[in-house]
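Here's the letter readout for the chains.
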Amino acid sequence: MSSLPVARAEVLVDLAALRHNVRTLTELCGVAMMTVVKADGYGHGLVEVARAAREAGAAWLGVATIEEALALRAGGDTGRVLCWLTVPGEDHGPAVAAGVDVTAYSLAELDEVAAAVDRIGTPARLQLKVDTGLSRGGATAADWPALVAAARRGEEQGHWRVTGLWSHLAAADEPDHPANDAQERAFRDALAVADQAGLRPEVRHLANSAAAVLRPSARFDLVRCGIASYGLDPAPGATPDLGLVPAMTVRTRLAMVKQVEAGAGVSYGHTWVAGGPTTLGLVPLGYADGVPRHGSDVLRMAVGGRPRPVRGRVCMDQVVVDLGDQPARAGDDVVLFGPGREGEPTAQEWAEACGTISYEIVTRIGGRATRRHVDGEVPA
Ligand SMILES: *Cc1c(COP(=O)(O)O)cnc(C)c1O
């Protein structure tokens, strides 16, 4: 990693790593794979990630919104896609027309899907979500029997086919958390209710990455893997080593290097003051580019392969690293985070330093950096 071609700052995404991760997870789970590509592929690029996931055998792609599903179709994807989050009044028509599976949580949503089907004249592919204890989206156990009954009637009327039944776990990253057993039991109960109502879905699914890896009983017909597909640890401290490879590397170059004397205060508020003479490097990325301001004084970034501490506050456009007595010049490479193979910090390390999760680090990074997709080794 010696010199960058032109870009001031780059988010490099290794699609070979992504394919490797998708294949590894699919083999481990032994059921169909849904690669979750919401939020611009967790910051890795929706369409590019989708294409790589399909190449690696993902039968399904998962997104939150209808817009995201339609962006997949616009990008040329023709496979199974599920979306799961709408607000009242949203038009389901384009998703139904595009053969996207839509999700209903409530009777009101069923009515909206039925109206869209009437307008466009194509039956929908409809999945139903049950809330088994996350207390977020999905029908409560109390409302579930009425939802499945209405969905079955709609099926008989030709409005749709109920293609899937699903739920989502609250604590899959804590394998011993009692909510896991309780939710899996509630899900099996909900499946039984739907079965008695006559629904025969193609797929029943409960597991996100952490459950897919750690809880074989939760795999059912399909696993929905987001974070692990990007090579990040879905359950830090609990995940066995699967050889997943982080797909994202964020790098830039030092904009300036300077010597300061003892007593020099660094960045806004002088939260860090040099205890002795040192060399500072100016990194041209800041919180507007997704470097968390909570990383002030705690993040590390690699300069010349050596992790160096951030000093003082992360600013909107820039941040200062302490190079100590390391020889450095303006223009030297800086790796903010990456797979960790060459001594650079990982997104997981950044997350721990900032009191968050790697999901938030990768979905927020970018801003004014240029995203570039590569295949295999990150080029110099
Ligand atoms: C985001 C999301 C996932 C993926 O979760 P990971 O922990 O990233 O694997 C799966 N299912 C639903 C419903 C989601 O919203």
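Here, the structure is the one placed above.
Conventions adopted
- Residues numbered from 1 in each chain as written.
- Predicted model: local features only at pLDDT ≥ 70, side-chain atom pairs only at ≥ 80, totals over all residues.
- Heavy atoms only, no water.
- Helix = DSSP H or I, 4+ residues; strand = E, 2+ residues; numbered from the N terminus.
- Rg over C-alpha atoms; globule rule 2.2 N^0.38 Å.
- Buried < 20%, exposed > 50% of the residue type's maximum accessible area, 1.4 Å probe, protein only.
- Contact = heavy atoms within 4.5 Å.
- Near = heavy atom within 4 Å.
- Polar contact = N/O pair within 3.5 Å; in protein donor to acceptor, adjacent residues only side chain to side chain.
- Areas by Shrake-Rupley, 256 points an atom, 1.4 Å probe, with all protein chains shown as cover.

**Student:** I would appreciate a short explanation of the overall build of the protein in the present structure.
**Tutor:** Counting its regular elements, the protein contains 11 helices and 19 strands. Taken over C-alpha atoms, the radius of gyration comes to 24 Å for the protein, in line with the 21 Å a tight globule of 380 residues would show. Oriented by its inertia axes, the alpha-carbon framework of the protein measures out at about 80 × 40 × 40 Å. Sorting the 380 residues of the protein into buried and exposed places 53% on the buried side. Partitioning the contacts of the protein with sequence separation of at least 6, the portion at a separation of at least 24 is 66%.

**Student:** Quick question: what am I supposed to make of the site of the ligand here?
**Tutor:** The environment of the ligand is made up of 14 residues, and the closest members are K38, Y42, S209, I227 and Y359. Within the side chain of Y42, a nitrogen or oxygen atom sits 2.5 Å from an oxygen atom of the ligand. The separation between a nitrogen atom of the ligand and a polar side-chain atom of R224 is 2.8 Å. Its free accessible area being 390 Å², the ligand has 95% of it covered by the protein chains.

**Student:** Looking at this model, I keep getting lost on the environment of Y359. Mind explaining?
**Tutor:** You can see Y359 is positioned in helix 11 (residues 358-364). Here Y359 falls in the partly exposed class, since its relative accessible area comes to 27%. Setting aside its immediate chain neighbours within four residues, Y359 contacts Y42 and I227.

It is worth stressing that arrangement in space is one thing and function is another; only the former is reported here.
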